[in-house]
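# Examination of the molecular architecture
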Amino acid sequence: IKRCWTVTPPVFFFLAYFALQVIYARRKYKISPPETTGHPEFERIFRAQANCSEYFPIFISLLWVAGIFFHQGVATVCGLLYLYTRFKYFQGYAVAAQGRLGPLYASARLLWLLLGLAVAGLLAHFLLP
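Residues numbered from 1 in each chain as written. Predicted model: local features only at pLDDT ≥ 70, side-chain atom pairs only at ≥ 80, totals over all residues. Heavy atoms only, no water.

### A word on the overall build of the chain
Tallying secondary structure elements over the chain gives 4 helices and 0 strands in all. For the chain, the succession of helices and strands along the chain, N to C, is α-α-α-α. Each principal axis of the C-alpha distribution contributes one length, and for the chain these read about 60 × 25 × 20 Å. Per-residue burial over the chain gives 37% buried out of 129 residues. Long-range pairs, those at least 24 residues apart, make up 70% of the contacts in the chain with a sequence separation of at least 6. (Helix = DSSP H or I, 4+ residues; strand = E, 2+ residues; numbered from the N terminus. Buried < 20%, exposed > 50% of the residue type's maximum accessible area, 1.4 Å probe, protein only. Contact = heavy atoms within 4.5 Å.)

Have a look at this one:
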């Protein structure tokens, strides 16, 4: 569990960083809350932040279940790679919508891998003596 814990705090730093980027874009393009439309760069940054925020609860859940029931080290490596791909996703999306695709596919594969590890770990825990 110690290893999975090392991945959890950076998630909150990533969420804070993404939220700050939205705030900076709002100031730069003079878009006041609750508006979510305006300059295309603002809209991409806003969407990237929202998309990342939507997936982090799923990621954290899968990370911890895979770490507890499968293997901490493997789950931690997958978690760190996932954070890296989401950061690259955010950076790519902020520049151009097409820039998000490679990191998006990579992060989706990592989520599927974590899901598979979590399921395998749960099955082994509850079905094997």
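### Notes on the nonpolar core
Phe42, Phe56, Phe59, Leu83 and Leu114 are the most contacted members of the largest nonpolar core, which has 32 residues in total. Of all the secondary structure elements, the ones that give two or more residues to this core are helix H1 (2-29), helix H2 (40-69), helix H3 (72-95) and helix H4 (101-127). Among all residues touching Phe56, those that are not within four sequence positions of it are Val11, Phe14, Leu15, Phe18, Tyr82, Leu83 and Arg86. (Core = buried A, V, L, I, M, F, W, Y, C linked by side-chain atoms within 4.5 Å.)

### Describing the environment of Phe90
Structurally, Phe90 is set in helix H3. Separated by 62 residues in sequence, Phe90 and Lys28 have C-alpha atoms that sit 18 Å apart. What Phe90 contacts, discounting residues up to four positions off in sequence, is Tyr17, Phe18, Gln21, Ile45, Ala48 and Gln49.

### A few points about unusual backbone geometry
The residue after Pro33, namely Pro34, is reached through a cis peptide bond having omega 10°. Within the element layout of this structure, Pro34 appears in the loop between H1 and H2. Unlike most non-glycine residues, Lys30 shows phi in positive territory, near 55°. In this fold, Lys30 is placed in the loop between H1 and H2.

### Topic: a nonpolar patch on the surface
Where nonpolar side chains cluster on the molecular surface, the patch consists of Trp112, Leu115, Val119, Leu122, Leu123, Phe126 and Leu127 and spans about 740 Å² of accessible area. As for its placement among the helices and strands, Val119 is situated in helix H4. Judged by relative accessible area, which is 40%, Val119 ranks as partly exposed. (Patch = residues over 30% accessible without salt bridge, like charges linked within 9 Å, V, L, I, M, F, W, Y side chains within 5 Å. Areas by Shrake-Rupley, 256 points an atom, 1.4 Å probe, with all protein chains shown as cover. Salt bridge = Lys/Arg side-chain N within 4 Å of Asp/Glu carboxyl O.)

### Things to note about H1
In a regular helix each residue adds 1.5 Å, so 28 residues correspond to 40 Å; H1 covers 42 Å between its end C-alpha atoms and thus fits that length. Where the residues of H1 are buried, they touch H2 and H3. In the stretch just after H1, Lys30 is the one whose phi turns positive, near 55°. (Expected span 1.5 Å × (residues − 1).)

In short, the description is geometric, and any link to function would need to be established separately.
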